[in-house]
Amino acid sequence: MSASSADAGPEAGPNAGLGAGLTIVLVKAGKTKIRYPAALVADDGTRVTVRAPWAAPGVRDFGFVRFEPGDVFTEHYWRDAWFAVKEVRTGGGQLKGWYCDVTRPAVLRDGELIVEDLDLDLWVSADRRDVLRLDEDEFEESGLAGRDPAAARAAVAALDELERLARAPEGLTGLLD
């Protein structure tokens, strides 16, 4: 996937189509894992921010957090970074935390924001006490390091950077401001 906004289509300009609907397309191992509608909040040409309700059916309990119907995700995707950061709130507005996906840079094309998930994730609780690296075993099993060593190195570097930012005094908010 290319990360340049030049191939992202005419709607990729800063704040073009603000408030419009987009479809988030999460791809994993070459297959579409999930597609869901989201409202465009901002697009500065590098970062695309959308808002969407919890898209999966029912409740997903990870042990450290529950995602459930009514939860609202404000999702930040970059065309030039290997991650996405999703702020998770209850329907009533209470912050649950930030779920970070390690991905290839996002591509916006024809009303779809296409994101390739590279298995690695980071969870940061609302109080920032818990910073959890997730799915490192899935990443190893994916074989990405053998198929695309440069992408694997970029993915690990992205997870390290997200963890560093999450543990910094300003946390992830410095990245999202």
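Structural data are supplied above this passage.
Note that the coordinates shown come from a computational prediction; the quantities given were computed from them, not determined experimentally.

> Before we go on, may I ask you to explain the pattern of salt bridges in this structure?
Two side chains of opposite charge can pair, provided their charged atoms sit close to one another. Overall, the coordinates contain 18 salt bridges when judged by the stated rule. Between aspartate 101 and lysine 86 there is a salt bridge; the shortest N-O distance is 2.7 Å. Highlighted residues: aspartate 101 in strand β8 (residues 95-103) and lysine 86 in strand β7 (residues 83-89), separated in sequence by 15 residues. A relative accessible area of 6% places aspartate 101 in the buried class. The partner of arginine 164 in a salt bridge is glutamate 161, and the shortest N-O contact between them spans 2.8 Å. Of this pair, arginine 164 and glutamate 161 both sit in helix α3 (residues 149-167), separated by three residues, roughly a single helical turn. In this structure, a network of salt bridges that share partners links the residues Asp61, Arg66, Glu68, Asp71 and Lys96.

> Before we go on, may I ask you to explain the pairing of strand β10 (residues 112-125) in this structure?
On a regular strand, each side chain points to the face opposite its neighbour's, so the side chains alternate between the two faces of the sheet. Burial analysis of β10 places 13 of its 14 residues in the buried class, which makes it a mostly covered element. Where strand β1 (residues 21-28) and β10 come together, six bridges link them in parallel fashion. When the sheet's bridge partners are listed, threonine 23 is paired in β10 with glutamate 112. Two elements, strand β9 (residues 107-109) and β10, share three bridges in a ladder whose sense is antiparallel.

About the cut-offs
Residues numbered from 1 in each chain as written. Predicted model: local features only at pLDDT ≥ 70, side-chain atom pairs only at ≥ 80, totals over all residues. Heavy atoms only, no water. Salt bridge = Lys/Arg side-chain N within 4 Å of Asp/Glu carboxyl O. Helix = DSSP H or I, 4+ residues; strand = E, 2+ residues; numbered from the N terminus. Buried < 20%, exposed > 50% of the residue type's maximum accessible area, 1.4 Å probe, protein only. Pairing = 2+ DSSP bridges.

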